[in-house]
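# Coordinate analysis (summary)
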Amino acid sequence: MIAITKENLASFIEYYHDFHDSFITNIHYDIKEDKIEILVDVYWSGTPSLKENGEYESNKTKMKMVFHEIEKYKNKEVFSWDYIRKISIQFIQIRNKEYLCFASDDETPFFYVLCTRMEYEEVNL
């Protein structure tokens, strides 16, 4: 798995186009291990190509994301129409400790995690 760092955060967000039009398809909170795993159907990745009919090929992929050492977590019941418009991932300081904040949206996220470490990988399921 690849860790999200300050150095690769911007390129991660750009490569996966802010997760625009993507869906969280599975959420697993392992309380004993203090981690959350999600599966995301990512709609846009890499450089889209233009097909002969004028439509863009979006390079869909499935991604597994793991959030470690959870400080705060919130999610509402997720429905098939709860797609992601634009994710928000930031490094923030709280009580002199640095955390990664992942939210499915800046204004009204249906999924939100504050953790110390975040990793991802593309998967074939």
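Residues numbered from 1 in each chain as written. Predicted model: local features only at pLDDT ≥ 70, side-chain atom pairs only at ≥ 80, totals over all residues. Heavy atoms only, no water.

### Let's talk about the pattern of salt bridges
As a reminder, the rule being used: Just to be clear on terms, a salt bridge is a Lys or Arg side-chain nitrogen sitting within 4 Å of an Asp or Glu carboxyl oxygen. Strands here are runs of E lasting at least two residues and helices are runs of H or I lasting at least four, both read from the DSSP assignment and numbered beginning at the N terminus. Accessibility here uses a 1.4 Å probe with only protein chains present; expressed as a share of the type maximum, an area under 20% marks a residue as buried, one over 50% as exposed, and anything in between as partly exposed.
Per the stated rule, a full pass over the model turns up 7 salt bridges. The residue Asp41 makes a salt bridge to Lys62 at a minimum N-O spacing of 2.4 Å. In this pair, Asp41 sits in strand S3 (residues 35-42) while Lys62 sits in strand S6 (residues 61-75), placing the two residues 21 residues apart along the sequence. Between Arg85 and Asp105 there is a salt bridge; the shortest N-O distance is 3.4 Å. Taken together, the positions of Arg85 in the loop between strand S7 (83-84) and strand S8 (88-94) and Asp105 in the loop between strand S9 (97-103) and strand S10 (111-123) put the pair 20 residues apart, joining distant regions of the chain. Its relative accessible area of 48% is what places Arg85 among the partly exposed residues. Several salt bridges converge on common partners, so that one network encompasses Lys35, Glu37 and Lys64.

### With respect to the confidence of the model for the chain
We count it as follows: For every residue, the predictor assigns a confidence score, pLDDT, that lies between 0 and 100.
Counting all residues, the mean pLDDT for the chain is 89, and 96% of those residues have values of 70 or more. The weakest mean pLDDT in the chain belongs to strand S4 (residues 49-50) at 74; the strongest belongs to strand S1 (residues 2-3) at 96.

### Some thoughts on the pairing of S10
Operational definition: One requirement defines pairing of two strands: DSSP has to find at least two bridges between them.
Summarising the sheet, S1 and S10 pair through 2 bridges and their orientation is antiparallel. From the neighbouring strand, Ala3 faces S10, where its bridge partner is Glu119. Two strands pair when backbone bridges link them, and S6 and S10 are joined in this way by 12 bridges, in the antiparallel orientation. Note on S10: the bridge partner recorded for Met65 is Tyr120. Bridge count between S9 and S10: 4 bridges; the pairing is antiparallel. Bridging across to S10, Ala103 finds its partner in Tyr112.

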